[in-house]
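Report on the structure
These are the residues of each chain, in order.
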Amino acid sequence: MLGRTLAHYRILEKIGAGGMGVVYRAQDTHLERAVALKVVGEQAQVDENARERHLCEARIASALNHPNICTIHEAGVADGET
């Protein structure tokens, strides 16, 4: 995955992994900023409930505004990855 581009995000390094997927440090090539990019795991890719939970998590987090909570810029599918 390193060096690969998903949509307009260039993946630079893996920074963590968990039950729902892997988080990468990436570069937003449109806005030229560093971002964290979460890619859901294979099981969540094929499990409709898992994909819906991931989207629900993004919706909830995007409604919050606090310095200790990340800002969600986008949620979706790019090149077959959620």
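Shown above is the structure to which this text applies.
The present account deals with the structure reproduced in this document. (Residues numbered from 1 in each chain as written. Predicted model: local features only at pLDDT ≥ 70, side-chain atom pairs only at ≥ 80, totals over all residues. Heavy atoms only, no water.)

Remarks on the side chain of H54
Let me state the cut-off plainly: Each helix is a run of H or I in the DSSP string that is no shorter than four residues. Each strand is a run of E no shorter than two, and both are numbered from the N terminus. Think of it in three bands: with a 1.4 Å probe and only protein chains considered, a residue is buried below 20% of the maximum accessible area for its type, exposed above 50%, and partly exposed in between. What makes two residues a contact is simply this: any of their non-hydrogen atoms within 4.5 Å.
Among the structural elements, H54 can be located in helix 2 (residues 48–62). On the basis of relative accessible area, H54 is assigned to the buried category, the value being 13%. Among all residues touching H54, those that are not within four sequence positions of it are M20, K38, V40 and T82.

A few points about the layout of surface pockets
To keep things clear, this is the line we draw: With a 1 Å grid spanning the protein atoms alone, the term cavity applies to any set of points in which a 1.4 Å probe fits but cannot get out, the term pocket to an open set with protein on both sides within 12 Å along at least five of seven lines, and the term lining residue to any residue with an atom within 4 Å of a point. Grid points are joined across faces, edges and corners, and a volume is the space filled by probe spheres set on the points. Following the grouping adopted for this structure description, the nonpolar residues are Ala, Val, Leu, Ile, Met, Phe, Trp, Tyr, Cys and Pro, the charged ones are Asp, Glu, Lys and Arg, and the polar ones are all others, Gly among them.
Empty space within the largest pocket amounts to approximately 770 Å³. Every residue lining the largest pocket is counted, 28 residues in all, and those nearest its centre are A36, L37, K38, E74 and A75. Looking at the lining of the largest pocket, the elements that each hand over two or more residues are strand 4 (33–40) and helix 2. The element contributing the most residues to the lining of the largest pocket is helix 2, with eight residues. Counted by class, the lining of the largest pocket contains 16 nonpolar, five polar and seven charged residues.

Things to note about the pairing of strand 3 (residues 21–28)
Short version of the rule: Think of it this way: DSSP has to see at least two bridges between two strands before they count as a pair.
In terms of residue burial, strand 3 counts as a mostly covered element, since six of its eight residues are buried. In terms of strand pairing, strand 2 (residues 9–17) meets strand 3 through seven bridges, oriented antiparallel. Within strand 3, the position partnered with E13 by the bridge is R25. In this antiparallel pair of consecutive strands, strand 2 and strand 3, the connection spans three residues.

A few points about the environment of L12
Along the chain, the position of L12 falls in strand 2. Distance from L12 to V39, taken between C-alpha atoms, is 13 Å for residues 27 residues apart in sequence. In contact with L12, other than residues within four places in its own chain, are L2, R25, A26 and Q27.

Regarding the sheet that holds strand 3
One open sheet holds the four strands; their spatial order is 1-2-3-4, and the pairing between them is antiparallel. Every other strand in the sheet has two partners, leaving strand 1 (5–6) and strand 4 as the edge strands with one partner each. Where strand 3 and strand 4 come together, eight bridges link them in antiparallel fashion. By the bridge assignment for strand 4, Q27 is matched with A34.

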